[in-house]
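Secondary and tertiary structure notes
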Amino acid sequence: MTIFGVATQALFGQLLIGLINGSFYAMLSLGLSVIFGLLNIINFTHGAQYMMGAFAAYLILKWAGLGYWSALLIAPVAVGLTGMVLERTTLKRLYQLDHLYGLLLTFGFALIIQGLFRHQYGASGLPYPMPRELAGGQNLGFMFLPIYRGWVVVFSLIVCIATRYLIEKTRLGANLRAATENPTLVRAFGINVPRMITLTYGLGVGLAALAGVLSAPINQVRPLMGADLIIVVFAVVVIGGMGSIMGSIITGFALGVIEGLTKYFYPEASNTVVFVLMVLVLLVKPTGLTGRAA
């Protein structure tokens, strides 16, 4: 069976790959948008924290014998706590300074973290087993759907929607936004502003670590796995609009699909299509698709 002369198995298979990559783009850019939108920090350590999530899952299995489902809960919390320590000890000193200082500091941390993991575990990938419950696949007739990959797409979409709801629709989210927009007024209501800011950074880092756990069975666990993604994820954030929660989610999934289709129809452009789109969007709307002018 073909669609416009293209075999459906190959076309939908490439669409699935695009959706999987889009899932990781969406979760990572969502974490970046939470951190930038609420704290005004350009968190270049995000890719390394994504990698730390994958390694946390690997070490939890190796040392404690706990599998994938436990890692989905433990790894984001553990890596999020390391992010909260990082925020309390270093990043809090930069909130009143230019964005460039935060970018340089977090870029330095990313290089240090990646260097330490590369020195300890080498550059090659470490295998992480897929959960037995999600092994195998389902023949849908028009394509073969690996169950785990379908799970990644659905679960990441649920996480993205839940995070948006938390930030924009709940009292906790309102307190988080208020604590960063008008800290003096929020303190008057008895809210611990530094704690709220630390929790915000921990939430963004935890989202990156969760994406790392989801990626581990597909891409293996590598010290530089985050470095391969972070530039593309920043492009996704810029296209969606810096600090825009919904923009990051929509743009992440959409660009994953566009990239996947480009790999099928014009492979030579697959590595640059995201950046070409970023340039075109910025020429038309410098604040991004859903961003607002400062």
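Report on the accompanying structure. Residue positions within a chain follow its written sequence, with the count starting from 1. In keeping with the predicted nature of the model, local features appear solely for residues at pLDDT of at least 70, side-chain atom pairs appear and are counted solely at 80 or more, and the whole-chain, interface and lining totals rest on all residues. With hydrogens and water set aside, each side-chain value is computed from the structure's full complement of heavy atoms.

Salt bridges are identified by distance alone: a Lys or Arg side-chain nitrogen within 4 Å of an Asp or Glu carboxyl oxygen. As enumerated under the stated definition, the model contains two salt bridges in all. Between R88 and E87 there is a salt bridge, with its nearest N and O atoms 3.0 Å apart. The buried label goes to any residue with under 20% of its type's maximum accessible area, the exposed label to any with over 50%, and the partly exposed label to all in between, with areas taken from a 1.4 Å probe on protein chains only. When its relative accessible area of 30% is taken as the criterion, R88 is described as partly exposed.

Turning our attention to the layout of surface pockets. Estimates place the volume of the second largest pocket at around 380 Å³. In DSSP terms, a helix is any run of H or I states spanning at least four residues, a strand is any run of E spanning at least two, and both are numbered starting from the N terminus. Among the elements of the structure, α3 (68-89), α5 (147-169), α6 (171-181) and α8 (193-219) are those that each provide at least two residues to the lining of the second largest pocket. Here the term charged refers only to Asp, Glu, Lys and Arg, the term nonpolar to Ala, Val, Leu, Ile, Met, Phe, Trp, Tyr, Cys and Pro, and the term polar to all other amino acids, Gly among them. A breakdown of the residues in the lining of the second largest pocket according to their chemical character gives 15 nonpolar, five polar and no charged. Grid points spaced at 1 Å over the protein atoms alone were grouped into cavities, where a 1.4 Å probe fits but cannot get out, and pockets, open sets with protein on both sides within 12 Å along at least five of seven lines, with lining residues defined by an atom within 4 Å of a point. Grid points are joined across faces, edges and corners, and a volume is the space filled by probe spheres set on the points.

On the surface, a nonpolar cluster with roughly 510 Å² of combined accessible area is contributed by V276, V279, L280, L283 and V284. Relative to the helices and strands, L283 resides in helix α11 (residues 273-284). Each patch is assembled from residues with relative accessible area greater than 30% and no salt bridge, linking like charges that lie within 9 Å and nonpolar side chains (Val, Leu, Ile, Met, Phe, Trp, Tyr) that lie within 5 Å. Computed with the Shrake-Rupley method and a 1.4 Å probe, the accessible areas treat only the protein chains shown as cover for residues.

What follows concerns the side chain of T251. Residue placement: T251 occurs in helix α10 (residues 245-265). Using a relative accessible area of 5% as the deciding quantity, one classes T251 as buried. A polar side-chain atom of T251 sits 2.6 Å from the main-chain carbonyl oxygen of G247. Two residues form a contact once any of their heavy atoms are found within 4.5 Å. Those residues in contact with T251 that lie beyond four places of it in its chain are V236, I239, G240 and L289. N or O atoms closer than or at 3.5 Å make up a polar contact, with two conditions inside protein: a donor-capable atom paired with an acceptor-capable one, and, for residues adjacent in sequence, both atoms drawn from side chains.

The next thing to look at is the packing of α5 against α10. Running from N to C, α5 and α10 cross one another at 165°; their axes reach a closest spacing of 10 Å. It follows from the interaxial angle that α5 and α10 lie roughly antiparallel. In this structure, α5 meets α10 at a crossing whose hand is left-handed. Along its contact with α5, which presents V153, S156, L157, C160, R164 and E168, the element α10 presents I245, M246, I249 and F253. Between N-to-C directions, angles span 0 to 180 degrees; the directions come from axes that are lines fitted to C-alpha atoms, helices contributing only their stretch in contact. Here the word oblique covers every angle except those under 35 degrees (roughly parallel), over 145 (roughly antiparallel) and from 65 to 115 (roughly perpendicular). Crossings are classed by handedness, with left-handed meaning an anticlockwise turn of the near helix from the far one by less than a right angle and right-handed meaning a clockwise turn.

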